[in-house]
Amino acid sequence: MSERILDSESYNTQNTPAKEIHDDGIDLDDLLPKIGEFGIYQKCLLWFVCLPACLPCGFCAFNQLFMTDTPDHWCLVPELKNFSLEERKLMAIPKKANENNTFENCFRYAVNWSHILQTNGTILINESWPVEPCLNGYEYDTSEVISSVVIDFDLVCEYDVYPTLGLVALNVGGPIGVYSFGILNDRIGRKKTFFACLSTLLLGSLMTAYAHEYWFWVLARVIVGLTIPAVYQIPFIISLELAGPNYRSFVTVMTCIFYTLGLILLSGVTYVLRDWRSLALATSVPFFFYYLYWFVLPESPRWLLMRERLEEANNILKTIARVNGKQLPEEYTAKLQKQVLEQKENGIKETKSASAFALCKTPNMRLKTFLITLNWCASEMVYVGLSYYGPAIGSNQYMSFFLSSAVEIPSYIVCWILMDKVGRRWPLCLSMVISGIFCIVTVLLPNDAENETLILYLISKCFISASFLIIYPYAGELYPTELRGVGIGTSAYIGGLGLIIIPFINYLGTSNLVLPLVLMGGVAVIGGLTALRLPETLHTSLPQTAEEGEEFGKDWTYKDCWSCGGPRIASEGDSYENLDQLELTQAPILEDEVTDLRPIRRNSMKKLVRQASILETQRDVDGNLKMTYWF
């Protein structure tokens, strides 16, 4: 999701769509350095709009974990209501086999307490009495959790899978929402789509808070799920489009970090609010203030240009230049006017989008697509699965969730640095394999080793977070330019669909705490090992066409597994995309003459020295950034 910048020694292909670079065309990546790549305007947009927009996504995606708290519970016996709690449990609730100090949660003695109490004698408890299910409901320990969905709707015993179904409902909405809001994003613009998405989120959250039936609550969670992760991706995309190429890495890494800070804040909110309805309101109602963004959130200039709304796009660019203390170059205004006139005369040419089947036409491309999707699915499933499982580990669910979120921040920073040092393949492989190993090792610990299990879990979560950050840019570099959008979209959607089964895997933890960790660890190890079969992309010429994509990595051998990155050498002339269309002051003939041109390089020449597809979200044929199912 972000875009890292390499030093001037590394040369790579450019990921800008060919449609954007021509003599009379408009390339906003060339214009932004002249009006301010990351000036006051972009900084205000990032700190006061983009980063705060991460909060509702994280809050509403994970507050459900605490809404469905399951406290200790036992059968309700109405006839014993005049007795104390301990007396009721000792008299009416059998103890679990081999656990003399633990009472059964779902059974009670099948005796006639009205008849026994009428004898007015000493009540003798016979442990050989027959047992029966809880026919009159349940009692709950509310010393820590005042209220939860489980308590209000009695989702225990034979109904204990129902909270899991609620989490499934949330994940079902995600892929549907990204697709739906993605269409709106292209038709009515980013700004209106963001507020439509925000309204949907608030509606679902209010329905959640005031739900008095379980299935109505599930419907509310589906509606909330429609907006995750779309609600923060839209303002993020606007910020990314308006930031210069050299600062998109900072924008995206800060977005990841701020998203994690939102989860850390959520752990504090859930610790303070132990009533699920209050929690639902506290994690949604404050976001009504986001409607004030209507007055400051700009529309995407790229989208406006695509829709031939020249004057609006020009006004936004002028505003950016004015706030940044720059001047909008007149030649770009002239280009804008010329392009719109040409579009009115000739019409906008419809460009046919590539089909997902194009990824499977040739054997090498088919293999890479399978491996990319496998790694994406494994990384996303394990990352989200471990995030969901955090409160179940350790003795304090709030502290466990706090720690599981906090360990992500160092992994993002270290990963961001290593990717341009040692490449993508080995960091992806090692992060997934190490994460998986630490998950699997938990099976060797005794049942009462809570702290040791928590430590292994946190190490695993740290490493899988790194892989989750790597897979997106790595996939973008492996797919050729003309198939990149459909490739990333396909892999991301399949990964998103994989999240539907994660709640069921975590549900297995109710009978065996480490079983979900072992299963997710196995998935992570398998995914990490298969990543070694993919070609390295660091310091290499990236494929542009489907034919180049088929040839890229076709000569892979087992020896390639041990290589980390590529040599820092200038690539061949044919490795530059649209080299003949870039404006150069003088065409260098000898390799040593490149350094002499550095003082008079134009901003457009920066495209020759950066790994353009790193951590950058997918684009369509017009150069517009697209939404995808990626947290």
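A few words on the pattern of salt bridges. In total, this model carries 7 salt bridges according to the counting rule given. The closest approach of N and O atoms between Glu550 and Lys554, which form a salt bridge, is 4.0 Å. Each of Glu550, Glu551 and Lys554 takes part in a single network of salt bridges with overlapping partners.

Taken together, the side chains of Phe289, Leu292, Trp294, Phe295 and Val296 define a hydrophobic patch exposed on the protein surface, amounting to about 620 Å² of accessible area. With respect to the helices, strands and loops of the structure, Val296 is situated in the loop between helix H13 (276-282) and helix H14 (301-306).

With that out of the way, let us pick up the packing of helix H20 (residues 425-441) against helix H24 (residues 515-530). Contact geometry for H20 and H24: axes closest at 7 Å, N-to-C directions at 155°. Classed by the angle they form, the pair H20 and H24 counts as roughly antiparallel. In terms of crossing hand, the pair formed by H20 and H24 is left-handed. Of the residues in H24, those touching H20 at Cys429, Met432, Val433, Gly436, Ile437, Cys439 and Ile440 are Leu517, Val518, Gly521, Gly522, Ala524, Val525, Gly527, Gly528 and Leu529. Among the residues making up the contact of H20 with H24, the classes are represented as 11 nonpolar, 5 polar and no charged.

In this section: the nonpolar core. Formed by 148 residues in total, the largest nonpolar core has its most connected members in Phe62 and Trp217. Among residues more than four places away in sequence, those in contact with Phe62 are Tyr259, Leu263, Leu266, Ser387, Tyr388 and Phe401. Phe38, Cys50, Leu51 and Phe236 belong to the second largest nonpolar core, which has 10 residues in total.

Once that is clear, we can look at the packing of aromatic side chains. One pass over the full model with this rule turns up 22 aromatic pairs. Between the aromatic rings of Tyr162 and Tyr214, the centroid separation amounts to 5.0 Å while the plane-to-plane angle is 35°, which identifies the pairing as tilted. With Tyr162 in helix H8 (residues 162-187) and Tyr214 in helix H10 (residues 214-225), this pair connects stretches of sequence that are 52 residues apart. By relative accessible area, which is 7% here, Tyr214 ends up buried. Ring geometry for Tyr214 versus Trp217: centroids 6.0 Å apart, planes at 35°, classification tilted. With a gap of 3 residues between them, Tyr214 and Trp217 both fall in helix H10, about one helical turn apart. Across this residue pair, the class does not change: Tyr214 and Trp217 are buried. We note Lys191 situated over the ring of Trp294; from NZ or CZ to the ring centre the distance is 4.6 Å. Across from the ring centre of Tyr271, 4.8 Å away, lies the NZ or CZ of Arg274, which sits over that ring.

The final tally for this structure, using the stated rule, is 2 disulfides. Residue pairing for Cys75: its cysteine sulfur links by disulfide to Cys134, the two sulfurs lying 1.7 Å apart. Across the S-S bond of Cys75 and Cys134 the torsion is about -65°, and the bridge reads as left-handed. Of the two residues, Cys75 sits in strand S1 (residues 73-75) while Cys134 sits in the loop between strand S5 (131-133) and strand S6 (138-140), which places them 59 residues apart along the sequence. Each of the two residues, Cys75 as well as Cys134, counts as buried.

This part takes up the side chain of Ser411. Positionally, Ser411 belongs in helix H19 (residues 408-422). Reaching out from Ser411, the side chain makes a polar contact with the backbone oxygen of Glu408 at a distance of 2.6 Å. In this structure the side chain of Ser411 is engaged in a polar contact, spanning 3.5 Å, whose partner is the backbone oxygen of Cys462. Among residues more than four places away in sequence, those in contact with Ser411 are Cys462, Ser465 and Ala466.

Scoring rules and cut-offs
Residues numbered from 1 in each chain as written. Predicted model: local features only at pLDDT ≥ 70, side-chain atom pairs only at ≥ 80, totals over all residues. Heavy atoms only, no water. Salt bridge = Lys/Arg side-chain N within 4 Å of Asp/Glu carboxyl O. Patch = residues over 30% accessible without salt bridge, like charges linked within 9 Å, V, L, I, M, F, W, Y side chains within 5 Å. Areas by Shrake-Rupley, 256 points an atom, 1.4 Å probe, with all protein chains shown as cover. Helix = DSSP H or I, 4+ residues; strand = E, 2+ residues; numbered from the N terminus. Axes fitted to C-alpha atoms, helices over the stretch in contact; angles between N-to-C directions. Parallel < 35°, antiparallel > 145°, perpendicular 65-115°, else oblique. Left-handed = near helix turned anticlockwise from the far one by under 90°. Contact = heavy atoms within 4.5 Å. Nonpolar A, V, L, I, M, F, W, Y, C, P; charged D, E, K, R; others polar. Core = buried A, V, L, I, M, F, W, Y, C linked by side-chain atoms within 4.5 Å. Buried < 20%, exposed > 50% of the residue type's maximum accessible area, 1.4 Å probe, protein only. Phe/Tyr/Trp six-rings, centres within 6.5 Å; stacked < 30°, edge-to-face > 60°. Lys NZ or Arg CZ within 6 Å of the ring centre and 35° of its normal. Disulfide = S-S within 2.5 Å. Polar contact = N/O pair within 3.5 Å; in protein donor to acceptor, adjacent residues only side chain to side chain.

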